[in-house]
Amino acid sequence: MTSNIQRPRSGTIPSMEISGHALKDNTVIVVLGASGDLAKKKTYPALFGLYRNGYLPRDVHIVGYARTKMDTEEYHKRITAYIKNLDNDPEASAKLEEFKKLSTYVSGGYEDAPSFQNLTKHIGEIEKAYTTPHTNRLFYLALPPSVFVPVAKNLKDCCYSTRGVNRIIVEKPFGKDLDSCRELLSSLKQSWTEDETFRIDHYLGKEMVKNLLVLRFGNVAMNAAWDKNSISNVQITFKEPFGTEGRGGYFDEFGIIRDILQNHLLQVLSILTMERPVSFGAEDVRDEKVKVLRAIPPIKHEDTLLGQYVAANGKPGYLDDDTVPKDSVCPTFAATVLRINNERWEGVPFIMKAGKALNEAKVEIRVQFKDVTQGIFADISRNELVVRIQPSEAVYLKLNTKTPGYEFRAIPTEMDLTYKRRFSDTKIPEAYEALILDALRGDHSNFVRDDELDVAWKIFTPILHWIEGLSGPRPRPLPYPYGSRGPKQLEEFITKYGYKRSAQEYNWPTTNISNL
């Protein structure tokens with residue numbers, strides 16, 4: 001006899017299952033900036049991924065909006081150009097055709113009300129087909145920050161639904177320093193409430209960043225050693241193997257610190273170091289993130305190492321980019337040290353590193369623990385917990401073990417959780433898919449709150465003003481060859497803050513004992 005009793009799922013997180021009002025039907029998603037790179041490379045592929053897997057609202061319609069004039073055929077060609085994994089899959093190809101049919105386009109300006117009134121008219125025609133009067137609108141701003149404010153105001157004045165839920169997703173950057181951020185936040189709040197606003201930092205949608213909450217607070221063994229008594233130093237690293245590639249003009253205005261450290265890596269650090277929240281509800285998590293960020297003082301000049309890549313290995317240097325000013329001292333590499341002045345983390349250096357034109361593509365967290373008590377071991381490697389955010393998501397713990405065989409000595413090895421091996425049948429969604437789904441569900445957990453931004457800019461604004469010559473002479477970045485690990489002074493820099501490299505005999509993923 002077969003039992004029909006369904007076993008409860010283990011490991012459920014009740015507080016994560018409580019979210020805001022989910023948009024389940026009668027919803028129009030408007031992508032503003034639909035002709036731009038962000039929309040075609042990230043937003044539309046994410047929307048298709050959600051549609052293909054049945055996660056968009058019933059009877060959803062997607063409206064693209066931009067200045068560019070183009071017909072339906074050209075619009076569909078653009079929005080599907082970066083959608084992958086359709087080879088020899090008739091089901092996916094059929095879904096793509098459906099996706100095209102529910103996607104329409106309107107061209108118009110970003111600063112004039114008549115253009116937005118025309119957009120509203122188009123949305124209204126779509127909504128006439130809905131069977132109930134309740135209609136929802138989700139606006140995605142895939143736009144440069146220079147037009148955030150006029151677009152947000154025009155959307156509120158001309159396109160706001162009075163018969164349902166309205167939400168707006170805003171992309172970074174959120175200002176260039178503390179004052180400009182506060183000005184931007186203040187302007188947006190005149191049109192949209194905090195509850196309606198979803199500020200996207202796509203690193204918060206990455207699988208391994210979201211996993212930090214469970215790793216930390218779902219494992220007693222992990223949490224017991226998570227403080228200054230056990231941890232020597234922490235590195236959070238972002239590496240790109242390519243340079244600005246013709247986008248140097250934009251990059252030169254913002255630099256590597258604004259582009260990566262002040263937002264992506266700081267968000268990672270806040271989740272890594274925050275205290276246990278009351279629940280995994282959005283406000284409880286964000287309260288703890290703000291609390292730990294408030295304990296970080298502004299970064300000091302002497303705790304910063306800046307670099308700029310030069311031509312090497314057949315690749316051009318940063319200043320060889322025609323869009324970059326020839327005398328630019330904008331850093332393309334930065335390593336900086338943050339301190340957290342609270343009981344848990346006092347004295348632990350958090351080394352954040354990010355660079356372009358380096359030797360590999362990698363984003364990882366490396367937590368290095370303190371030395372074991374001396375006496376019975378000589379020169380033994382430190383334990384390290386490594387969380388690889390991308391590529392090839394993984395968590396591994398480097399520890400010491402006895403060499404196999406007759407000899408009695410310690411060698412470093414690891415406990416390895418590589419996702420593609422352990423979870424072989426699971427497709428990890430793209431970060432933008434996860435975040436758009438969260439916005440549709442009304443879950444703010446993985447979006448940036450206004451007070452988070454304010455505290456983050458307080459940490460970084462003094463060092464940015466120093467780099468830009470607003471508080472004394474501008475520092476000159478150290479040159480490093482395209483394709484290298486960064487400036488040659490980097491090793492000395494991280495060693496100064498307590499980092500020790502593993503013993504030479506550590507080899508990943510396999511170790512040949514005969515070579516030791």
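Everything below is about the structure printed above this text.
Only a predicted model underlies this, so the values are computations on that prediction, with no experimental measurement involved.

K.L.:
What am I meant to see in the nonpolar core here?
P.N.:
Nonpolar side chains in soluble globular proteins generally cluster together in the buried interior. The biggest cluster of nonpolar side chains holds 149 residues, and the ones touching the most others in it are Leu32, Tyr44, Ile62, Phe99, Leu119, Leu155 and Phe460. The element best represented in this core is helix α9 (residues 248–273), accounting for 11 residues. Once residues lying within four places of it in the same chain are set aside, the contact partners of Leu119 are Val30, Val63, Tyr65, Val106, Leu155 and Cys159.

K.L.:
Mind showing me how you'd approach the packing of α9 against helix α10 (residues 282–294) here?
P.N.:
The relative placement of two packed helices is expressed as an angle between their axes plus a distance between the axes. As a packed pair, α9 and α10 sit with axes 9 Å apart at the nearest point and diverge in direction by 100°. In terms of orientation, α9 lies roughly perpendicular with respect to α10. Residues Leu266, Gln267, Ser270, Ile271 and Thr273 of α9 pack against Lys289, Val292 and Leu293 of α10. Taken together, the residues of the contact of α9 with α10 sort by class into four nonpolar, three polar and one charged.

K.L.:
Explanation requested: the packing of α10 against helix α13 (residues 450–467) in the structure shown.
P.N.:
At a minimum axis distance of 9 Å, the contact between α10 and α13 shows a crossing angle of 20°. On the basis of the axis angle, α10 is roughly parallel to α13. Read as a crossing pair, α10 and α13 show a hand that is left-handed. Contacts between α10 and α13 involve Arg286, Lys289, Val290, Leu293 and Arg294 on the former and, on the latter, Asp451, Glu452, Val455 and Ile459. Its residues placed into classes, the contact of α10 with α13 shows four nonpolar, no polar and five charged.

K.L.:
Before we go on, may I ask you to explain the sheet that holds strand β6 (residues 197–200) in this structure?
P.N.:
Within a sheet, neighbouring strands are paired by backbone hydrogen bonds and run either parallel or antiparallel to one another. Read from one edge of the open sheet, six strands run β3-β2-β1-β4-β5-β6, paired in parallel fashion. The open sheet terminates on both sides in strands that have one partner only, identified here as β3 (103–107) and β6. Geometrically, the sheet is characterised by an average inter-axis angle of 20° between neighbouring strands, direction not taken into account. One ladder, built from four bridges, connects strand β5 (residues 166–171) with β6; its direction is parallel. Note that in β6 the partner of Val170 across the bridge is Arg199.

K.L.:
Got a minute to help me understand helix α1 (residues 37–52) in this structure?
P.N.:
It helps to recall that an α-helix has 3.6 residues per turn; residues three or four apart then point in one direction. End to end, α1 covers 22 Å across 16 residues, agreeing with the expected 22 Å (1.5 Å per residue, within 8%). Of all the bends found along α1, the most pronounced is centred on Thr43 and spans about 30°, while Pro45, a proline, follows it within four residues. Each element contacted by the buried residues of α1 is listed here: β1 (27–32), β2 (61–66), α2 (72–79), α3 (90–101), β4 (136–141) and α12 (431–441). Just beyond α1, the residue with positive phi is Gly54, at close to 80°.

Definitions and limits used
- Residues numbered from 1 in each chain as written.
- Predicted model: local features only at pLDDT ≥ 70, side-chain atom pairs only at ≥ 80, totals over all residues.
- Heavy atoms only, no water.
- Core = buried A, V, L, I, M, F, W, Y, C linked by side-chain atoms within 4.5 Å.
- Buried < 20%, exposed > 50% of the residue type's maximum accessible area, 1.4 Å probe, protein only.
- Helix = DSSP H or I, 4+ residues; strand = E, 2+ residues; numbered from the N terminus.
- Contact = heavy atoms within 4.5 Å.
- Axes fitted to C-alpha atoms, helices over the stretch in contact; angles between N-to-C directions.
- Parallel < 35°, antiparallel > 145°, perpendicular 65-115°, else oblique.
- Nonpolar A, V, L, I, M, F, W, Y, C, P; charged D, E, K, R; others polar.
- Left-handed = near helix turned anticlockwise from the far one by under 90°.
- Pairing = 2+ DSSP bridges.
- Expected span 1.5 Å × (residues − 1).
- Bend = angle between axes of the 7 residues up to and from the residue.

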